[in-house]
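Structural description and commentary
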Amino acid sequence: MSRGTFITFEGLDGSGKTTQLNRLAAHLRAQGRDVVTLRQPGGTALGDRIRGILLDSRSEASTGAIAPIAELALMFADRAQAIAEVISPALETNKIVLCDRFTDSSEAYQGGGRQLGSEQVLAIHQAVCGGLLPDLTILLLPDLAASLARARRRNQRHVQQAGTDENRFEREGDVFYQRVYHAYEEIAAREPHRVEAIRDDASIEAIEARIRGIVEARIEN
Ligand code: TMP
């Protein structure tokens, strides 16, 4: 059965992955390819509601503290809906799916950052996502301190301009993010065929060109 191509973008907040995903999508569409983009959490009506609960730093005022395992379960509820509603139908009709975060984020943030461990995350992934894995994952790992500074600045702007506050994760301290970073490095070392890690701090354009090269080689093969 022919199947589309499933590509995910991963990295810390402020790593530039969303910018790169959008640029790649524009490039592939200009070539006439059928591209579907989405982000996690979010990307469906249910997912957008789950995103609000998970990311709004004010949501805990009404829900009470979100337990790490509940946070993980909500991430997978969002993912299950996205697979059923968007990802599987697109892959079945031979499209290219570009997804901003997927299970690697749960392994890095909940498994690593919240210290739930990879094993538990991967077991839930198997049960909930049927083991669906990306064909390719672009992992952006620029310098940790620079990524965090960028993410925190951006969130301040967002609060001021849009009034929405998505900084529940950005409020975490540097030690949390060091664990996330380390978990990403472990995923890249474990799955070198799937995960292309880009570690340098080159310009947006230089990284964009590298990503195009990587993706074109995969699509053609
Ligand atoms: P983003 O959409 O700006 O990348 O933000 C999503 C936030 O949610 C980010 O801080 C990472 C976090 N997240 C997790 O902790 N686990 C997950 O499984 C996913 C998809 C995101």
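See the structure printed just above.
Attention in this report is confined to the structure presented alongside it. (Residues numbered from 1 in each chain as written. Predicted model: local features only at pLDDT ≥ 70, side-chain atom pairs only at ≥ 80, totals over all residues. Heavy atoms only, no water.)

Quick notes on the sheet that holds strand β1 (residues 5-11)
Spatial strand order, β2-β3-β1-β4-β5: five strands in an open sheet with parallel pairing. Two strands bound the open sheet, and with one partner strand each, they are β2 (35-39) and β5 (195-198). Looking at each pair of strands side by side, their axes are set apart by 15° on average, direction ignored. (Pairing = 2+ DSSP bridges. Helix = DSSP H or I, 4+ residues; strand = E, 2+ residues; numbered from the N terminus. Axes fitted to C-alpha atoms, helices over the stretch in contact; angles between N-to-C directions.)

Focus: the pattern of salt bridges
Considering all chains together, one arrives at 17 salt bridges under this definition. Residues Glu-107 and Arg-190 are paired through a salt bridge, measuring 2.8 Å at the closest nitrogen-oxygen approach. Linking Glu-107 in helix α5 (residues 103-113) with Arg-190 in helix α8 (residues 174-190), this pair joins segments that are 83 residues apart in sequence. A cluster of three or more residues bridged by salt bridges with shared partners is formed by Glu-60, Glu-71, Arg-114, Arg-168 and Glu-172. (Salt bridge = Lys/Arg side-chain N within 4 Å of Asp/Glu carboxyl O.)

Observations concerning the nonpolar core
Of all hydrophobic cores here, the largest spans 21 residues; its most connected members are Leu-12, Tyr-109, Phe-169, Tyr-177, Val-180 and Tyr-184. Those elements that provide at least two residues to this core are α2 (45-55), α5, α7 (144-162) and α8. What Tyr-177 contacts, discounting residues up to four positions off in sequence, is Leu-12, Asp-13, Tyr-109, Leu-144, Leu-148, Arg-152, Phe-169, Glu-170 and Glu-172. The next biggest cluster of nonpolar side chains, apart from the first, holds 18 residues, and it includes Ala-25, Val-35, Ile-138 and Val-215. (Core = buried A, V, L, I, M, F, W, Y, C linked by side-chain atoms within 4.5 Å. Buried < 20%, exposed > 50% of the residue type's maximum accessible area, 1.4 Å probe, protein only. Contact = heavy atoms within 4.5 Å.)

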